[in-house]
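Architecture and fold: a report
Each chain, written out:
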Amino acid sequence: MRYSEQIRRLREKKLQQTEEKRRRLGAMDEDDYGWVLPPESFKLTLPCRDANGSFHGVRVWGTDFRYLMERHPVYVDPDDALTGRWMFMLSRMRANYRLSLSPFGFDYSFLRPAQLLYDITPGIGKDGHFAPDYAIGLKLGWGGLLSKVRARRAETPLSNQESQDLYLAEEDAILGVRDLIRRTAQEAEKQGLAELARINARLVEQPPQTLREACQWIAWFNIASRVYNRDGAGGQLDVLLRPYYERDKAAGLIDDEDAVFYLFCLLLNDTHYYQIGGPDESGDDQTSAISYLILQAARLLKSTCNVTIRVHDGLPEQLFDEGVRCLVEERLSFPRFSGDAALCSGFVKNGYPVELARRRIALGCNWMSLPGLEYCMNDLVKVNFAKVFEVAWKAARRESTEALYRLFADHLQKAVRVTGQGIALHLAHQWENEPELLLNLLSVGPVESGLDASHGGARYYNLAVDGAALATVADAFTALEQRVEREKLLTFDDVFRATETDFKDAPQVQRLLARSEKYGNSERGDAWAQRIVKDFSAMVRAEARNIPFVKPIVLIPGLFSWADTVRLGKSVGALPNGRRAGEPISQGANPSVGFRRDGAVTAMAAAVASVQPGYGNTAPLQLEVDFGNLDDAQAATCLKALVRSHFALGGTLMNINVVDEQKILAASKNPEAYPDLIVRVTGFTAYFANLSPDFRKLVVERIVRQVS
Amino acid sequence: MKGWVTDIVRGSFHDGPGLRTVVFLQGCSLRCSWCHNPETWSAYPVPLFYPDRCLGCGACGGLAEHADRCRFGARSLSANERTADEVMAVIRKDRPFYSMGGGVTFSGGEPCCQPDFLLALLKLCRAEGISAAIETSLNVPADVLETVLPFLTVLMADLKLADSERHRRATGVSNDLILKNFTVLQTAPLSIIVRTPLVAGVNDDDANMEQTIGVLKPLKTLAYYELLRYQPLGQEKFRALGWTCPTFHAPSDERVRHLCRKVRDADIPLVVDGKKA
């Protein structure tokens, strides 16, 4: 390949940048994101801050963002087909920022006791987590977007303060982005990189015309939205770029090697989530030549990447086959696979047409999103089933599992209620707390109406509420039912006393409970898990009625713990499944680690398919599998059967790590010796060496082992 | 119909094509000292004891015959009696995953040591359209083999040693019956995989490989021949049975490469430890 030497150098540089991040910042339990460190000498003080060090307000966000972008260091690499890397995140410059809890300048102390009691991750004040429609930006360019905002502002009465403020802030945001692009073009010029200088100078104002310009435009939007508030969604990349690719190729401007190199640079620039393949509105498959080139570029990365293939009946076998082979041969944890049939049939149950359901694509860790049309709080709101169970367990009269379940369901209802109240509060104030200045620009509605996407500007409000710790709680009910009620080996009081002391003086009770039947390996375990999901889903959906808003609200249940299994486990004491206090909760919709002695990928895939909430959001199957010495072709055959079958049974999303267990174990002991080892922690990929010991342990423990 | 089942493993990658359910049956007529599953040798269940799992609860009174009282996995019996319907109920759970060539593999022990039970299961699989395979030592009566063959799509046969006397010394029985059954397989209309567990000093010599190649060449439907380097996977089970575990080693990489060359020179498709060689 003509670009192989550039690609080699770019990959080396990426590894150096990653190592430098680890050296300077220590463990990072998040997506790699593609960001790079600013120069150590770089200092910045934001112009607008509250007394407490945070900031809020529509105009303030616009001012601070523009200020930051006008000072953001430029990044130009002569090997790269594109320019720019992001170095800061404005939303995290607010005092008291936490990944699980954002600053929010509006009082919700009245909700805190219940949120803490049930360990709710409320999502209040959390940003991004819905998808832009890049097509809007690719059509208008930054100049067109600015004109659109200014035109709408001119048409809006001055008395409409909310909209006027939003438009002014949007102008600041665009001007900030354009300033960084302009300065980058100048730097490229200075370095004698004429083509990069020309492309960037043009993109300050104009929409892209070529494939390379389109990739650069997307990279700039990604950089801007990352700097603003991390954002992170992508889009249907093959459809977005297809016209540029086909036009350039027909005109003889590029060949496929050029295209692959530009795509490589786009994927290297940022780890945004892109879907390829899958149906269009009418159900026809969207795969084209560029879908394969995207996969080819991803394989060249040898780095973190979040490409997802949408699997449906019309998907070309070749794309599916190449995706699976990429997963098996590269062992870089991509692509992911998204199950079209269950996602579409589920979303339709919310009252939407199937044509719309097909446009709702897999972006983000567990997200489903209608690009540019929907505000959805994906992966932000979580109910910790384990904590809810613990509350019920401590309060129960301990007479039967049925009575305990009724009490659990009562508390779950209260937990869902307080979750809904949190969402209502978020929707009422988020536009002032942190408007979505970047995502608004690529959405249908916010600029047109002068309302932030969080405040009625978006077309649809399908908000995600995820349950976590399903297997932990299902296993607790199953163990009690088996050991206390069926076998009568223990009494409820025996188990209660043991959990109260964290099994300190009851190792036999702990072992007995831990060795009980479980979700994934027994009919009763599966039945408990399905019952919990069914009730939770009904409660979540019904809760939408209690949320006052200017547009119809739909709450969509899902099952996802992100990588919060460690954090959510810390708040929960010992439980009747033999889990000790503080240990991690179970992963997403997965059965508990070690649920079967043989690992049984098929049992796991069938179990996860059986607990799908079924309204268009995901309950992903998280699978770490070591194929041992199995031939790659055989391994690919097994994986294809697994993916097809899981989706046929109703599965929605598969996050798969094909791993070499010995390598992971060695890397766990000496991470820095494996700087290029990539793992998919949950929905996201990361450098294994950059994870904290807790997160590394999480991945190691999940590996499904089979002896050949 | 009931039989002794030592284990059922779901979703296996390693026991035939595609994703497979593997049903391990009790009983084997060979006594290979390097065996991974020595608890299956007896025709009937045998007690196993894993001291490190014992919490000293006293439920078993320290007696192997009370293994069923152990709740902690320290004491167990090597097999449970199950009906064919019970086994099929487990198989059916994996059925959605049998696309791409997957199915059921009956293994052991030697699955043909329970011929009636095996046949009943094979018939049920056939009736439900489930592809079936067996992993066999071929040290089985010819009439049993001929009865089960029509129900199989894949047959995986071990050939430990091609010389009869050496085979007897290593496994306790001669291979006369095995070699006779290989001749039956020469024209059998199903996919055949032959495997040799390579143990240093036992069967990794040139003479054995040359004789083995002689057995393989006439097989018209041989999918491939697989060499599996010895792994000490049976050691914990030997100890749990209260037996002394003999020490074995895998041949050196150089030795394996040499043997591979011989197989390839004979134009026989070869797989080593799961990978095409």
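Summary of the structure given here.

Conventions adopted
Residues numbered from 1 in each chain as written. Chains lettered and ligands numbered in written order. Predicted model: local features only at pLDDT ≥ 70, side-chain atom pairs only at ≥ 80, totals over all residues. Helix = DSSP H or I, 4+ residues; strand = E, 2+ residues; numbered from the N terminus. Rg over C-alpha atoms; globule rule 2.2 N^0.38 Å. Buried ≥ 20, exposed ≤ 12 C-beta atoms within 10 Å, placed from the backbone. Contact = placed C-beta atoms within 7 Å. Nonpolar A, V, L, I, M, F, W, Y, C, P; charged D, E, K, R; others polar. Expected span 1.5 Å × (residues − 1). Bend = angle between axes of the 7 residues up to and from the residue. Pairing = 2+ DSSP bridges. Axes fitted to C-alpha atoms, helices over the stretch in contact; angles between N-to-C directions. Right-handed = clockwise from strand over helix to strand, strands pointing away.

Here we come to the overall build of chain B. Scanning chain B for helices and strands turns up 8 helices and 12 strands. Its C-alpha atoms give chain B a radius of gyration of 19 Å, near enough to 19 Å, the size a compact globule of 277 residues would have. By principal-axis analysis of the C-alpha atoms, chain B measures approximately 60 × 45 × 30 Å. Among the 277 residues that make up chain B, the fraction classed as buried is 43%.

Let us look at the interface of chain B and chain A. The partner chain A presents 30 residues to the 26 residues of chain B that form the contact. Looking at the side of chain B that touches chain A, the elements with two or more residues in it are β1 (2-12), α1 (84-94) and β12 (275-276) of chain B. The greatest single-element share of the side of chain B that touches chain A, amounting to 4 residues, is contributed by β1(B). Looking at the side of chain B that touches chain A residue by residue, the class counts come to 10 nonpolar, 9 polar and 7 charged.

Now for helix α8 (residues 237-250) of chain A. Residues and elements named next belong to chain A. With 14 residues, α8 should reach 20 Å at 1.5 Å per residue; the first-to-last C-alpha distance of 20 Å fits that figure. Remark: the principal bend of α8, roughly 30 degrees, maps to Pro243. Of all the residues in α8, the buried ones are Leu237, Asp238, Val239, Leu240, Leu241, Tyr244, Tyr245 and Asp248. Looking at the buried positions of α8, the neighbouring elements they touch are α4 (134-155), α7 (211-229), α9 (256-269), β1 (273-276) and α10 (289-301). Immediately downstream of α8, the backbone of Gly252 shows phi near 75 degrees, a positive value.

With that out of the way, let us pick up unusual backbone geometry. For the peptide bond that leads from Phe334(A) to Pro335(A), omega is 5 degrees, which places it in the cis range. Along the chain, the position of Pro335(A) falls in the loop between α11 (317-330) and β3 (336-339). With omega at 10 degrees, the peptide bond leading from Gly108(B) into Gly109(B) counts as cis. Take Gly109(B): it is sitting in the loop between β6 (103-107) and α2 (115-127). Unlike most non-glycine residues, Phe503(A) shows phi in positive territory, near 60 degrees.

Quick look at the sheet that holds strand β11 (residues 270-272) of chain B now. Residue and element names in this part refer to chain B. Reading across from one edge, β5-β1-β2-β6-β7-β8-β9-β10-β11-β12 is the order of the 10 strands in this open sheet, with mixed pairing throughout. The open sheet has two free edges, formed respectively by β5 (80-83) and β12, since each of these has just one partner strand. The strands that helix α8 (residues 253-265) touches are β9 (191-198), β10 (222-229) and β11; relative to β11, the one it contacts most, it runs at about 165 degrees.

Once that is clear, we can look at α7(A). Residue and element names in this part refer to chain A. Here α7 contains 19 residues, and its C-alpha end-to-end distance of 27 Å stays within 8% of the 27 Å for a straight helix at 1.5 Å per residue. Taken across its 19 residues, α7 has 19 buried, putting it largely inside the fold. Positive backbone phi, approximately 75 degrees, marks Arg230, located one or two places after α7.

What follows concerns the pairing of β9(B). Residue and element names in this part refer to chain B. Among the 8 residues that make up β9, 6 are buried, leaving the element largely enclosed by the rest of the structure. Here β9 pairs with β10 via 7 bridges, running parallel. Residue pairing for β10: Thr196 is matched across the bridge by Leu227. Regarding topology, helix α6 (residues 206-216) serves as the crossover connection from β9 to the parallel β10, and that connection is right-handed.

The next point concerns the pairing of β1(B). Residue and element names in this part refer to chain B. Burial within β1 is extensive, with 9 of its 11 residues counted as buried. As judged from the 5 bridges shared by β1 and strand β2 (residues 20-25), these two strands associate in the antiparallel manner. Bridging from a neighbouring strand, Val9 pairs with Val22 of β2.

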